[in-house]
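Structural overview
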Amino acid sequence: MSEFPVSPSVSVPIHPPHCVVGVIGGGQLGRMIALAARRMGIHTAIWTGGLEAPAVEVADEVIDLPFSDPKALDHFCAVATVATVEFENIPRSTLEAVAERLPLHPSPAAVAICQNREREKTFLRENGIPCAWFQVVSNPDELAAAMAELGGPGVLKTADFGYDGSGQIKLQGHEDAVEIWKTFNSPRGVLEGWVPFEKEISVMAARGADGEIVTYDPAENRHRSHILDVSIVPARIPQEVADHAAAIVRKIIEALDYRGLLGVEFFLTADGSLLVNEIAPRPHNSGHHTLDACATSQFEQQLRAVIGLPAGSPRLLSPVVMLNLLGDLWPEETTPPDWTPLFEDREASLHLYGKRHASLRRKMGHANFLGETSAAALARAEALKAHWLAAAAHRKQP
Ligand code: AMP
């Protein structure tokens, strides 16, 4: 049983030190929430779901059992005073069971919308929030009809979330729907129109108990093999596009009746239109720069929103580039890159997730590069990435 203070019936803000934030999920996002909590004198209990969990090294209490285990639920609800999630693929029944016993932010209903592409797209459409054309399909005939209606290139995605481009088939529009359906390994899909975007951007935002919404400056995101590679902040977009993105995010937060931290990914097209691609009900990879370049990090912001403190300032203190450190930079599976040049760059900081095995596509950590301009920071980040990739070139690239 926990050595930490427990207050089972809580209706008002729960400030440190009488606060144990229960985090459902134990990945690197949970780890960074727990690290922010430690700094703020807040305890954390991490429920791993039985999955590999980088967060356990820094948590105060660990429940290393599946989400379906009733003993784990009892334990979690006994030790935590308030709860949150660090990833969205948690069974809704688990979220609802927690919410019956503890304040859980964001709500199970909001997480359920964000954990399934069909529900998410339908929510966007019903609330008049711009997103790519889409149609839900559950057999080859429906796929053929949807492809005919789309009449051009698209992408077939699983209705349940994959991640980082998994479970997606790019279509030109003239393929045989029966053949495509055979290779599509899912009972239900969403056919989306292909968006010829100019840029991808994302906006992190939070709403706390008092209802105030704060939004961070948009990040401009570039991908490598479908995985986020760099986030450039401030994004190189007109101010009115940034303002429009923030307004859309506010609308989403209000429509979801949301409390907590949330990230929204957008496509930006050549004519300046913004289309929502995805909503993450948690901290997001494209918000990692906030650790070093903003007045309040996204992880502290999540804690503040969840325990009832006022939101911290999201102000950007410096241009910054976040570089994801994927496993393909590791010269051997258990040998990290030589970090010396990063430490010699006096405005870069290294964040590692404590993962021992570096498979090629695995997110092992990230580095934030501050700079006078984001272009200067980007040049340094790209040079170091090229250096590490060259040193690990004998490994197969993802
Ligand atoms: P997702 O897993 O849906 O976030 O998609 C991963 C990446 O695939 C996105 O970040 C885009 O780069 C690309 N992508 C996904 N959907 C589309 C689309 N409808 N049009 C163009 N690119 C897309």
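Everything quoted here is computed from the prediction, not taken from an experiment.

Moving on to the pattern of salt bridges. Taken as a whole and assessed by the stated rule, the structure comprises 24 salt bridges. Residues arginine 236 and glutamate 220 are paired through a salt bridge, measuring 2.8 Å at the closest nitrogen-oxygen approach. One end of the pair, arginine 236, is in the loop between strand S12 (227–233) and helix H8 (239–255); the other, glutamate 220, is in strand S11 (residues 219–224), with 16 residues separating them in the sequence. For arginine 236, a relative accessible area of 37% gives the class partly exposed. A residue is classified by how much of its surface remains accessible, and glutamate 220, at 4% relative accessible area, is buried. Salt bridges linked by common partners bring Arg222, Arg224, Asp229, Asp328, Glu382 and Lys385 together as one network.

Among the nonpolar cores identified, the biggest contains 30 residues, and Ile252, Leu262, Phe266, Val276 and Ile279 are the most heavily contacted of them. Mapped onto this core, the elements with two or more residues apiece are helix H4 (108–114), helix H5 (117–126), strand S9 (197–207), H8, strand S13 (260–269) and strand S14 (274–280). At seven residues, the largest contribution of residues to this core is made by H8. Core analysis: the second largest hydrophobic core is formed by 20 residues, Val85, Leu95, Leu102 and Leu104 among them.

Of all residues adjacent to the ligand, which total 16 residues, the nearest are Lys157, Gln168, Glu192, Val195 and Glu200. A distance of 3.1 Å is found between an oxygen atom of the ligand and a side-chain nitrogen or oxygen belonging to arginine 117. One of the side-chain N or O atoms of lysine 157 is found 2.8 Å from an oxygen atom in the ligand. Protein chains bury 93% of the 470 Å² of accessible surface belonging to the ligand in isolation. When contributions to the shell around the ligand are tallied by element, the ones reaching two or more residues are strand S6 (154–158), strand S8 (189–193), S9, S13 and S14.

What follows deals with the confidence of the model for the protein chain. This prediction gives the protein chain a mean pLDDT of 94; 93% of its residues lie at or above 70. Across residues 1–12 the pLDDT falls below 50, and counting only partners more than four positions away or on other chains, this stretch makes 20 contacts in the model.

On to the packing of aromatic side chains, then. Going through the model one piece at a time under the given rule, you end up with seven aromatic pairs. The interplanar angle of 40° and the centroid separation of 5.2 Å between the aromatic rings of tryptophan 47 and phenylalanine 76 together place this pair among those described as tilted. One end of the pair, tryptophan 47, is in strand S2 (residues 43–47); the other, phenylalanine 76, is in helix H2 (residues 70–79), and 29 residues separate them in sequence. Of the two residues, tryptophan 47 and phenylalanine 76, neither departs from the other in class, the shared state being buried. One aromatic cluster is present, formed by Trp47, Phe67, Phe76 and Phe87 through successive ring pairs. Across from the ring centre of phenylalanine 134, 3.8 Å away, lies the NZ or CZ of arginine 125, which sits over that ring. One residue, lysine 170, lies across the ring of tryptophan 194, its end atom 4.1 Å from the ring centre.

Here we take up the pairing of S14. Burial runs high along S14: seven of the seven residues are buried. Both S13 and S14 contribute to a ladder of six bridges, which runs antiparallel. Along S14, the bridge assignment pairs glutamate 265 with glutamate 278.

Further remarks concern the sheet that holds strand S5 (residues 134–137). Hydrogen bonds along the backbone pair up the strands of a sheet, which may run parallel or antiparallel. Here we have four strands laid out as an open sheet, ordered S5-S8-S6-S7, and antiparallel in their pairing. Both outer strands of the open sheet, S5 and strand S7 (168–171), are each paired with one neighbouring strand and no more. The average angle at which neighbouring strand axes cross in this sheet is 20°, direction not considered.

Moving on to the layout of surface pockets. Put simply, the second largest pocket is a space of about 210 Å³. Put simply, the parts of the chain that give the lining of the second largest pocket at least two residues each are helix H1 (28–39), helix H9 (290–293) and strand S16 (348–352). Of the residues forming the lining of the second largest pocket, the biggest block, five residues, is contributed by H1. Its residues assigned to classes, the lining of the second largest pocket shows eight nonpolar, four polar and three charged. Residues lining the lining of the second largest pocket come from more than one domain, with at least three contributed by each of domain 1 (16–114) and domain 3 (199–391).

Further remarks concern the packing of H2 against helix H3 (residues 92–101). Remark: H2 packs on H3, axes separated minimally by 10 Å, with the N-to-C direction vectors making an angle of 35°. As H2 packs across H3, the resulting crossing turns out to be right-handed. Counting all contacts with H2, which are made through Leu73, Asp74, Phe76 and Cys77, the residues of H3 involved are Ala97, Val98 and Arg101. The residue inventory of the contact of H2 with H3, partitioned by class, reads five nonpolar, no polar and two charged.

Criteria and thresholds
- Residues numbered from 1 in each chain as written.
- Predicted model: local features only at pLDDT ≥ 70, side-chain atom pairs only at ≥ 80, totals over all residues.
- Heavy atoms only, no water.
- Salt bridge = Lys/Arg side-chain N within 4 Å of Asp/Glu carboxyl O.
- Helix = DSSP H or I, 4+ residues; strand = E, 2+ residues; numbered from the N terminus.
- Buried < 20%, exposed > 50% of the residue type's maximum accessible area, 1.4 Å probe, protein only.
- Core = buried A, V, L, I, M, F, W, Y, C linked by side-chain atoms within 4.5 Å.
- Near = heavy atom within 4 Å.
- Polar contact = N/O pair within 3.5 Å; in protein donor to acceptor, adjacent residues only side chain to side chain.
- Areas by Shrake-Rupley, 256 points an atom, 1.4 Å probe, with all protein chains shown as cover.
- pLDDT = per-residue confidence, 0-100.
- Contact = heavy atoms within 4.5 Å.
- Phe/Tyr/Trp six-rings, centres within 6.5 Å; stacked < 30°, edge-to-face > 60°.
- Lys NZ or Arg CZ within 6 Å of the ring centre and 35° of its normal.
- Pairing = 2+ DSSP bridges.
- Axes fitted to C-alpha atoms, helices over the stretch in contact; angles between N-to-C directions.
- 1 Å grid on protein atoms, 1.4 Å probe; cavity = no way out; pocket = protein on both sides within 12 Å on 5 of 7 lines; lining within 4 Å.
- Points joined across faces, edges and corners; volume = space filled by probe spheres on them.
- Nonpolar A, V, L, I, M, F, W, Y, C, P; charged D, E, K, R; others polar.
- Domains from an automatic or database assignment.
- Left-handed = near helix turned anticlockwise from the far one by under 90°.

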